[in-house]
Amino acid sequence: ILFEVLRHEREEALELPLFAAEQQIQGLIIIGEISRAYLEFLKGQPDMPMVMVDFTMKGIACPSVMADNYYGMYKMVNYLIDQGHREIAYVVTLLASNSITDRYFGYRKALLENGLELNRDWVIDDRTMEGQIGNIRLPEKMPTAFACNCDLTASELVNLLKEKGYRIPEDISIVGFDNYLYEGLCDVKITSYEVDIKEMVRCAVKIVVSLADRGCAPSDMRVVSGTVEEKESVRNLLTEDKMI
C-alpha cells in the first residue's frame, strides 16, 4: 500500500502520482475531490482500476464510496428541530464540492418536512470555490441554531460567535458533520454526524481489489451511513420551556 498527497502542480500539469509513475500499481483509491481534467487523465491510463472516496463526478464512469451526506445532514437538522429549534441557518458554499452540496439538500428536506420556510439570508458561505474556509459573515437577524457542512466550519463559526459575544450553546446552538476536528481549533465539543471512515475504507479496498482481480466491482456507488454524536453545542429549548 502506497500513499501520496497529490500536489496542485502535478494535478494541473496532468502528471501521474509519483508512485504510479515510478512503478506498476494494481489499483488506485482517490480520496477527496479532484479536478475533472485530472480524473479523465487518470481514467485514460491503461490497467489502472480506480475507486473514488467521498465524491462522485457526473459523466465519469468510476465506482465510488460516499458518506451518507444527504441523510446525515437531514438527521442533524431534525436533531435540532427535536430540541425545539425552528430558526436554523445552514453554513455552506453551494457547489464547492459534491458532498457539501448533498448535505445542503438534506437540510432543505428536513425544513420542508417540518413545515419550516427557507430563509435565503440563512444560507451562508463558508469557503472559496477552491476550498479555503473562512470569512463567514453572520446574518443581520440571527437564528437560534446553525447547521454546518463540516466540523472545521463549525469550529470557525464557534470562534466567530464568541468574538461577537455569543455563548455556545446558551445563546446559539451549532451542529457539524464528520465528527472530526483537530485539537485546539475551538474549546466547544461540537455535536456532529460521525462518518464511518473505517467502513468507507473497507468498501473502497474491496472494490478496487475486485476491479483489479476480475474487472468488475460490487456496485457503482456505495453509500455508508454514520451516527449522530451528541456533545455540548446544542441547547434543548423544549426542556427549558417545560421547566418554565
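Above this text sits the structure in question.
Residues numbered from 1 in each chain as written. Predicted model: local features only at pLDDT ≥ 70, side-chain atom pairs only at ≥ 80, totals over all residues. Heavy atoms only, no water.

## Notes on the environment of Thr 191
Moving on, step 1. Within the secondary structure, Thr 191 sits in the loop between β7 (173–175) and β8 (192–194).
Moving on, step 2. Beyond its immediate sequence surroundings of up to four residues, Thr 191 is in contact with Met 76, Tyr 79, Ile 174, Val 175, Gly 176, Glu 229, Glu 230, Lys 231, Glu 232, Ser 233 and Val 234. (Helix = DSSP H or I, 4+ residues; strand = E, 2+ residues; numbered from the N terminus. Contact = heavy atoms within 4.5 Å.)

## Considering the nonpolar core
Moving on, step 1. Core analysis: the largest hydrophobic core is formed by 34 residues, its most contacted members being Val 65, Met 73, Val 77, Ile 88, Tyr 107 and Ala 147.
Moving on, step 2. Broken down by secondary-structure element, the contributors of at least two residues to this core are β2 (50–53), β3 (64–67), α4 (69–82), β4 (88–91), α5 (98–113), β6 (145–148) and α7 (197–214).
Moving on, step 3. With 7 residues, α4 is the largest single contributor of residues to this core.
Moving on, step 4. Excluding anything up to four places from it in sequence, Ile 88 contacts Val 77, Leu 80, Ile 81, Tyr 107, Trp 122, Pro 143, Ala 145 and Ala 147. (Core = buried A, V, L, I, M, F, W, Y, C linked by side-chain atoms within 4.5 Å. Buried < 20%, exposed > 50% of the residue type's maximum accessible area, 1.4 Å probe, protein only.)

## Description of the sheet that holds β4
Moving on, step 1. One open sheet accounts for 4 strands, arranged β5-β4-β6-β7; its pairing is parallel. Among the strands making up the open sheet, the edge pair consists of β5 (123–124) and β7.
Moving on, step 2. Relative to β6, β4 runs parallel, the two being bridged by 4 bridges. Looking at β6, one finds that Ala 89 is bridged to Phe 146. (Pairing = 2+ DSSP bridges.)

## Quick notes on the packing of aromatic side chains
Moving on, step 1. Inspection of the entire model under this criterion finds 9 aromatic pairs.
Moving on, step 2. On the numbers, 4.9 Å between centres and 15 degrees between planes, the contact of Tyr 90 with Tyr 107 is stacked. In this pair, Tyr 90 is assigned in strand β4 and Tyr 107 in helix α5, connecting sequence segments 17 residues apart. Grouping residues by exposure puts Tyr 90 and Tyr 107 together as buried.
Moving on, step 3. An angle of 70 degrees between the planes, with centres 5.8 Å apart, marks the rings of Tyr 180 and Tyr 182 as edge-to-face. You'll find Tyr 180 and Tyr 182 in the same group, each marked exposed.
Moving on, step 4. One aromatic cluster is present, built from ring pairs that chain together Tyr 90, Tyr 104, Phe 105 and Tyr 107.
Moving on, step 5. Sitting over the ring of Tyr 74, Lys 109 keeps its end group 5.2 Å from the ring centre. (Phe/Tyr/Trp six-rings, centres within 6.5 Å; stacked < 30°, edge-to-face > 60°. Lys NZ or Arg CZ within 6 Å of the ring centre and 35° of its normal.)

Remember, this is a structural readout, not a statement about activity or role.
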